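Residues per chain, in single letters:
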Amino acid sequence: MASRRDNDLGTPPKHGPETVQLTIDGQPVSVPSGTSVMRAAASIDTRIPKLCATDRLEAFGSCRMCLVEIEGRKGTPASCTTPVEAGMAVSTQTPRLEALRRGVMELYISDHPLDCLTCSANGDCELQDTAGEVGLREVRYGFEGENHLAEPVDTSNPYFQFDGSKCIVCSRCVRACDEIQGTLALTVDSRGFDSKISASLDEGFFDSECVSCGACVQVCPTATLMEKSVVEHGQPRRSVKTTCAYCGVGCSFIAELQGDEVVRMTPDTEGGANEGHSCVKGRFAWGYASHPDRVLKPMVREAITDAWREVEWDEAIAFAATRFKAIQSEHGTGAIGGITSSRCTNEEVYVVQKMVRAAFGNNNVDTCARVCHSPTGYGLKNTFGTSAGTQDFRSVDEADVILVIGANPTDAHPVFASRMKQRLRTGAKLIVIDPRATDLVRSPHIQADHHLQLRPGTNVAVVNALAHVIVTEERVNTRFVAERCEDESFARWAEFIAGEENSPEAVEAISGVPAETLRQAARLYAGGSNGAIYYGLGVTEHSQGSSMVMGMANLAMATGNIGRNGVGVNPLRGQNNVQGSCDMGSFPHEFPGYRHVSDEATRALFAEAWSQDLSEEPGLRIPNMLSAALDGSFKGLFVQGEDIAQSDPDTQNVQAALRAMDCVIVQDLFLNETAAFAHVFLPGTAFLEKDGTFINAERRINRVRPAMPEKQGLSEWETVCRLARAMGYHMAYPDAAAIMDEIAALTPSFAGVSFDRLDREGSVQWPCNDSAPQGTPIMHVDGFVRGKGRFMLTQFIPTEEKASRRFPLLLTTGRILSQYNVGAQTRRTENSRWHEEDVLQIHPVDAETRGLKEGDMVSLSSRKGAVSIRATISERVPPGVVYTTFHHPDSGANVVTTELSDWATNCPEYKVTAVQVAPVNMPSDWQRNRAESQRKHDAITAE
């Protein structure tokens with residue numbers, strides 16, 4: 001297996017305006033101005049020894065290994081820090097240079113353990129390779145004097161160790177933490193011989209500010225920083241390129257294996273979304289794929305009070321099909337439906353929605369993507385003409401003003417957050433609109449220019465106030481609006497937005513944001529050359545989520561911030577394939593490609609391709625399915641890779657609906673909360689076993705390649721095809737590539753996509769078709785998809801959920817860095833050491849009023865229910881607001897969230913729940929009932 005460092009050219013590329021001609025060892029070279037001598041040499045396959053240099057970091061020039069001679073210059077300059085010049089004549093190999101390099105290397109080795117044969121980095125160590133390169137054969141210095149050979153090994157981090165005895169203080173790790181990750185958790189402590197790498201205030205890595213992204217481990221040239229998995233198992237022997245299955249950034253990785261066992265996940269430097277960076281989840285939290293909790297055999301049971309019975313695949317599928325056909329015979333065609341998963345591949349999602357439409361005979365298909373980002377689709381389609389983000393991630397590098405609304409990228413999208421932080425450190429201005437003081441409000445070398453700490457539920461009022469300032473102070477980009485937008489809709493919107501009710505002074509009373517702060521933020525956004533909006537679930541998960549998305553689109557159009565690098569309206573998708581699950585037709589009213597089921601031409605296209613008549617009536621959304629289950633008209637549900645009993649709002653209502661159904665089929669890795677109400681469990685595949693594609697938040701289609709065979713013996717798409725055939729509809733494919741071929745043939749924006757192309761090119765961003773054969777990194781460049789941009793009226797309508805005497809606080813929810821979604825994957829890894837339980841953040845004033853101390857158990861109650869949870873006192877939340885996460889099922893955060901939802905899409909209003917907090921010393925009734933049900937189930941299973 002080739003070393004992951006083989007293609008390292010020493011220093012980053014430069015893109016100077018001119019080409020410089022020089023000679024290196026007598027060979028002519030032409031490179032862009034600004035290029036280092038080291039990289040210029042590498043371009044002609046001339047390797048200059050190095051230790052502190054890597055093309056992932058800016059040149060540092062400390063190791064003194066890359067010395068060269070330059071004709072006409074004195075001394076031996078470092079090639080990594082020396083830029084090329086026209087006519088320069090460089091020598092990289094002379095007797096003098098060889099002697100100098102051997103001497104320097106001898107000093108390194110004299111203070112380094114000579115345990116190469118037993119070292120975990122043997123075969124993948126730059127120090128070892130470079131010693132051989134320079135011809136070092138003996139070390140003249142003994143070990144009698146002072147040395148660092150007795151330095152301790154820090155094993156506090158669960159995923160990697162730091163062996164100080166092997167550190168050469170090249171500073172790569174420190175620079176990676178600064179230049180790539182942006183956390184600045186590492187430093188070089190002391191000077192001279194006493195220099196050493198220190199985590200934060202000389203703490204262990206686990207207790208430090210380190211976020212375990214792995215950037216330091218990846219750049220370390222020795223065995224100082226090593227993955228514990230490599231220490232335990234040895235160097236990998238084969239590799240497979242694939243895509244991370246966590247958040248919507250869509251990082252590319254190289255899975256490195258011994259046989260079918262993953263030893264290391266290395267972020268791919270050629271990855272279009274991450275360019276070699278990673279976070280703690282993608283880099284290290286892959287162990288769940290082989291966790292003993294995984295269910296590897298299909299299971300069935302007659303009633304949810306029975307024990308599960310393991311069966312073979314044929315019996316499980318026959319059992320499920322018989323149940324579903326019986327339900328339809330008794331209750332009608334529309335009595336069953338399906339839910340697709342934003343964690344599964346496009347191909348797996350596609351076959352589920354096809355099964356529902358063609359085999360079930362209805363359009364009762366929905367997705368968790370609607371539960372988080374459906375307002376994005378509705379809002380952007382109405383204003384721009386297509387329901388997707390406008391930019392690629394690289395675009396942020398050219399933003400001058402960044403507006404982050406309802407998003408916490410450092411926790412939820414950390415790789416993109418690192419890129420954003422680097423841009424902020426080089427001068428971009430930042431506006432944060434969020435009830436909480438997230439890390440972007442203030443963190444090392446970053447401070448938001450404005451933090452609009454609004455009351456939960458007042459997003460639309462705030463965005464209207466920003467637009468009011470832009471319109472009334474004549475800051476509109478009139479040229480852009482005149483050329484690119486509808487005159488009539490702009491005129492109507494401008495008149496509406498200029499109304500006094502939208503003024504910052506009027507909105508201050510509603511939102512709690514000072515009027516002058518609103519005005520300053522509006523002027524900053526409108527005054528920048530390039531203004532970019534990035535938003536998350538804090539925008540969409542509101543009763544006015546769709547209005548807010550349209551409000552942001554209005555803001556971008558009014559200021560001309562659409563259609564080029566550095567601008568745009570950019571949703572940060574929550575899960576790895578939220579975009580793809582929407583693209584694949586997971587909504588009850590739309591076929592793949594966002595085409596309405598009532599459109600005759602579209603329906604005829606799919607009916608012919610699928611050889612089946614298709615319904616023109618939109619089906620049921622998840623809330624409608626649940627309501628229909630409670631009234632007895634909806635009886636069967638196929639759930640692909642989702643845990644609606646934990647993730648959906650108003651948990652007790654969800655559970656009651658599931659309990660009322662005659663047949664619930666769950667396809668997943670683990671027995672989750674929803675599986676407690678299931679009659680059939682079909683084991684799914686982990687991402688390391690999948691063959692297909694994911695689509696990230698920037699519309700990038702990435703390949704997902706199997707690194708190992710399916711542990712349960714059957715791919716998820718083939719499982720669905722078998723169920724469809726058992727239901728009486730023939731659906732079969734030779735492989736996952738054929739599914740994508742069908743998607744491309746039926747969906748215009750995917751017309752140019754195939755596995756072969758993705759395998760050649762790495763990734764492509766849709767639309768990719770005859771009009772955009774190379775894909776589309778930036779949308780709406782010459783015009784909007786719909787033609788002219790449409791301004792939409794966004795009247796602020798307060799949510800029905802309001803604080804009251806009984807429930808005086810407002811609860812909002814979110815995520816944390818180490819955990820993911822409902823935690824089914826990350827809770828089964830060492831990530832739980834950072835986040836063992838969900839906790840409730842409460843402001844010191846509210847805590848004091850209730851007599852609460854740090855770590856007290858409290859009752860968190862709403863009009864929907866109550867749970868017990870541990871409190872932590874924090875000034876991240878303002879008085880009157882509390883905050884928690886939903887990663888642990890026993891905390892039951894969604895027991896208290898309400899049934900309220902977005903007016904256009906039914907996206908739940910997770911972000912605004914009126915609650916009370918009070919001391920408590922026991923679990924809630926719901927938690928006691930859950931624990932008792934789990935105990936009874938375990939007892940039945942044991943028998």
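Notes on the structure in this doc start here. (Residues numbered from 1 in each chain as written. Predicted model: local features only at pLDDT ≥ 70, side-chain atom pairs only at ≥ 80, totals over all residues. Heavy atoms only, no water.)

1. Thoughts on empty space enclosed by the protein
Summed over all chains, the structure comprises 11 cavities of 30 Å³ or more. Roughly 380 Å³ of internal volume is contained in the largest cavity. For the lining of the largest cavity, the secondary-structure elements that each account for two or more residues are helix H18 (537-540) and strand E32 (809-814). No other element matches E32, which puts three residues into the lining of the largest cavity. Empty space within the second largest cavity amounts to approximately 210 Å³. At three residues, helix H10 (residues 368-383) tops the list of elements feeding residues into the lining of the second largest cavity. A class-by-class count of the residues in the lining of the second largest cavity yields seven nonpolar, six polar and five charged. (1 Å grid on protein atoms, 1.4 Å probe; cavity = no way out; pocket = protein on both sides within 12 Å on 5 of 7 lines; lining within 4 Å. Points joined across faces, edges and corners; volume = space filled by probe spheres on them. Helix = DSSP H or I, 4+ residues; strand = E, 2+ residues; numbered from the N terminus. Nonpolar A, V, L, I, M, F, W, Y, C, P; charged D, E, K, R; others polar.)

2. What to know about the packing of aromatic side chains
As enumerated under the stated definition, the model contains 22 aromatic pairs in all. A centroid spacing of 6.0 Å and a plane angle of 40 degrees characterise the contact between Phe160 and Phe284, whose relative ring orientation is tilted. Of the two residues, Phe160 sits in strand E6 (residues 160-163) while Phe284 sits in helix H7 (residues 280-284), which places them 124 residues apart along the sequence. For the pair Phe160 and Phe284, one class covers both residues: buried. For the pair Phe324 and Phe360, a centre-to-centre distance of 5.4 Å together with 85 degrees between the ring planes defines the contact as edge-to-face. In this pair, Phe324 sits in helix H8 (residues 313-331) while Phe360 sits in helix H9 (residues 346-360), placing the two residues 36 residues apart along the sequence. Overall, Phe324 belongs to the buried group, its relative accessible area being 0%. With a relative accessible area of 2%, Phe360 lands in the buried category. (Phe/Tyr/Trp six-rings, centres within 6.5 Å; stacked < 30°, edge-to-face > 60°. Buried < 20%, exposed > 50% of the residue type's maximum accessible area, 1.4 Å probe, protein only.)

3. What to know about the pattern of salt bridges
Applying the stated criterion across every chain yields a total of 58 salt bridges. Arg523 is the partner of Glu516 in a salt bridge, and the nearest nitrogen-oxygen pair spans 3.7 Å. Two residues, Glu616 and Arg603, come together in a salt bridge whose shortest N-O distance is 3.4 Å. Of the two residues, Glu616 is situated in the loop between helix H21 (600-610) and helix H22 (622-630) and Arg603 in helix H21; the sequence distance between them amounts to 13 residues. Classification of Arg603 by relative accessible area gives buried; the value is 13%. A single salt-bridge network, built from bridges that share partners, covers Glu473, Arg475, Glu505, Glu516, Arg519 and Arg523. (Salt bridge = Lys/Arg side-chain N within 4 Å of Asp/Glu carboxyl O.)

4. Things to note about the pairing of strand E26 (residues 636-640)
Most of E26 sits inside the fold, with five of its five residues counted as buried. Taking every second residue as pointing to the same face, both faces of E26 are buried, with Gly636, Phe638 and Gln640 on one and Leu637 and Val639 on the other. Relative to E26, strand E15 (residues 336-340) is paired through four bridges, and the arrangement is parallel. Paired with Gly338 across the bridge in E26 is Phe638. As judged from the five bridges shared by E26 and strand E27 (residues 663-668), these two strands associate in the parallel manner. Bridge pairing in E27 places Phe638 opposite Ile665. (Pairing = 2+ DSSP bridges.)

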